[in-house]
Amino acid sequence: MGSTISDVVRWAVVVTMAGPLALVGTPAPLATNSPLPSGLSTDQLVGQRVIYSYPGATPPQTLLDRIRQGRVGGVIFFSENIKSTAQITGVVGQLRQAAAQSPVHQPLLLMTDQEGGLVRRLPGAPTMSEKQIGQAADAQQQAAAAGDGAGRNLAGVGMNFNLAPVLDVFRTPGDFDDSAQRSYSQDPAKVNTLGQAFVTAQQQTGVAATVKHFPGLGSATTQQNTDEQPVTLTASADTLRSVDEAAYPGSIAAGVKSVMLSWAIYPALDTKPAGMSATIINQELRGRLGFKGVTITDALEAGSLQAFGDTGQRAVTAAGAGMDLILCSGRDVSQGDQAAAAISAAVTSNKLDHSAFDASVDRVLQMRGSLH
């Protein structure tokens, strides 16, 4: 089969331990089907799994440096980063230019939350919320139009990855998802159909879609916001599978590139938040539903994770559970650095499984290689 990414990691570890003289060695060649260039360091390999963020309208030099060093998987943009279409187009160009100077040749993931309705970072499409789409007489056509609009809008400024659509199946009017108009319906079959329409149309524009927040935040009350505090959702395993997870098969069948895991705890499935649960990631999402693409965490700085250590500890726990991309969205480059350093140390010390690490980096780079 040839050698794997692990060979490069182990070689890099030997260099680290043996000192500069060991650099006369050469890394083992990668398997011919690997998207990775040979000779990347552990830090560079880890970096492919970390999404960075920054404050304000101008990306800091430290972020540009990390990108040039091949130590960044992608960047997420928020409203504070976007002053105008022309401005953010220029920023994206600057980030892409830095990436072109790095040893990693797959495109950076350049992402935002362009769900539609109240949750939009870019001006313009999609203007309808998921709730409005779900209530429309021609809901499936409207969902497809929203996906197409979101994709064209992001591609127009050079972005290639959208953290949408939301597939949460809301329970009661005015609850967490419904109050922000972020749920298509109380009917999982309808959410499944409309999510698939959005994903299919958006990905035809060349922009990756992300369905979220697996296995579902639809049963959360208005006050149960994982961004702010710990959330435990007590739905039974049967309900989670027949209602919440039932919203996902259509998008998975359509080849959705990414799934975002929720930070809520689902005691019927595990005692850890979904994005830190190997059971939920591997048995529910990959096992039951057959998802083979890239997993991404919700915001690593979320208030729901206050009992799970600092940035580095959270990142290592999520990576160890099977999360491919670690979303450091606190608008602070050092947050991404802390996550990456902790994962790198865990790989070097064998606290993280090397074959699972390989598989994650491979999935991320294969997906990035399919984008512009």
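Read on for a plain summary of the structure. (Residues numbered from 1 in each chain as written. Predicted model: local features only at pLDDT ≥ 70, side-chain atom pairs only at ≥ 80, totals over all residues. Heavy atoms only, no water.)

### Considering the environment of Arg 171
If you trace the backbone, Arg 171 turns up in the loop between strand E6 (161-162) and helix H7 (176-179). Counting along the chain gives 67 residues from Arg 171 to Asp 238, while the straight-line C-alpha distance between them is 15 Å. What Arg 171 contacts, discounting residues up to four positions off in sequence, is Gln 186, Gly 218, Ser 219, Thr 239, Val 243 and Asp 244. Of the polar contacts made by the side chain of Arg 171, one reaches the backbone oxygen of Val 169; its length is 2.8 Å. (Helix = DSSP H or I, 4+ residues; strand = E, 2+ residues; numbered from the N terminus. Contact = heavy atoms within 4.5 Å. Polar contact = N/O pair within 3.5 Å; in protein donor to acceptor, adjacent residues only side chain to side chain.)

### Describing empty space enclosed by the protein
Inspection of the entire model under this criterion finds one cavity of 30 Å³ or more. Along the walls of the largest cavity sit Gln 48, Ile 67, Gly 70, Arg 71, Val 72, Ala 99, Ser 102, Val 104, Gln 106, Leu 108 and Arg 368, which together make up its complete lining. Residue classes in the lining of the largest cavity are distributed as five nonpolar, four polar and two charged. (1 Å grid on protein atoms, 1.4 Å probe; cavity = no way out; pocket = protein on both sides within 12 Å on 5 of 7 lines; lining within 4 Å. Points joined across faces, edges and corners; volume = space filled by probe spheres on them. Nonpolar A, V, L, I, M, F, W, Y, C, P; charged D, E, K, R; others polar.)

### Focus on the layout of surface pockets
The volume enclosed by the largest pocket comes to roughly 400 Å³. Lining the largest pocket are 24 residues, and of these Asp 113, Arg 121, Arg 182, Asp 227 and Asp 298 sit closest to its centre.

### A look at the pattern of salt bridges
Taken as a whole and judged by the stated rule, the model has 15 salt bridges. We note a salt bridge from Arg 66 to Asp 337, for which the minimum N-O separation is 2.9 Å. Taken together, the residues span a long stretch of sequence, with Arg 66 in helix H3 (residues 61-68) and Asp 337 in helix H13 (residues 333-348) at a distance of 271 residues. According to the relative accessible area criterion, Arg 66 is buried, its value standing at 17%. A salt bridge links Arg 288 to Glu 284; the nearest nitrogen and oxygen atoms lie 3.8 Å apart. Remark: Glu 284 and Arg 288 occur in helix H11 (residues 278-288); sequence separation between them is four residues, near one turn of the helix. You can call Arg 288 partly exposed: its relative accessible area is 43%. (Salt bridge = Lys/Arg side-chain N within 4 Å of Asp/Glu carboxyl O. Buried < 20%, exposed > 50% of the residue type's maximum accessible area, 1.4 Å probe, protein only.)

### A word on the packing of helix H12 (residues 311-321) against H13
Direction vectors running N to C along H12 and H13 enclose 55°, while the axes themselves pass 8 Å from each other. Relative to H13, the element H12 is oriented oblique. Read as a crossing pair, H12 and H13 show a hand that is right-handed. The segment H12 lies against H13, with Thr 311, Gly 312, Ala 315, Val 316 and Ala 319 engaging Gln 335, Gln 338, Ala 339, Ala 342, Ile 343 and Ala 346. (Axes fitted to C-alpha atoms, helices over the stretch in contact; angles between N-to-C directions. Parallel < 35°, antiparallel > 145°, perpendicular 65-115°, else oblique. Left-handed = near helix turned anticlockwise from the far one by under 90°.)

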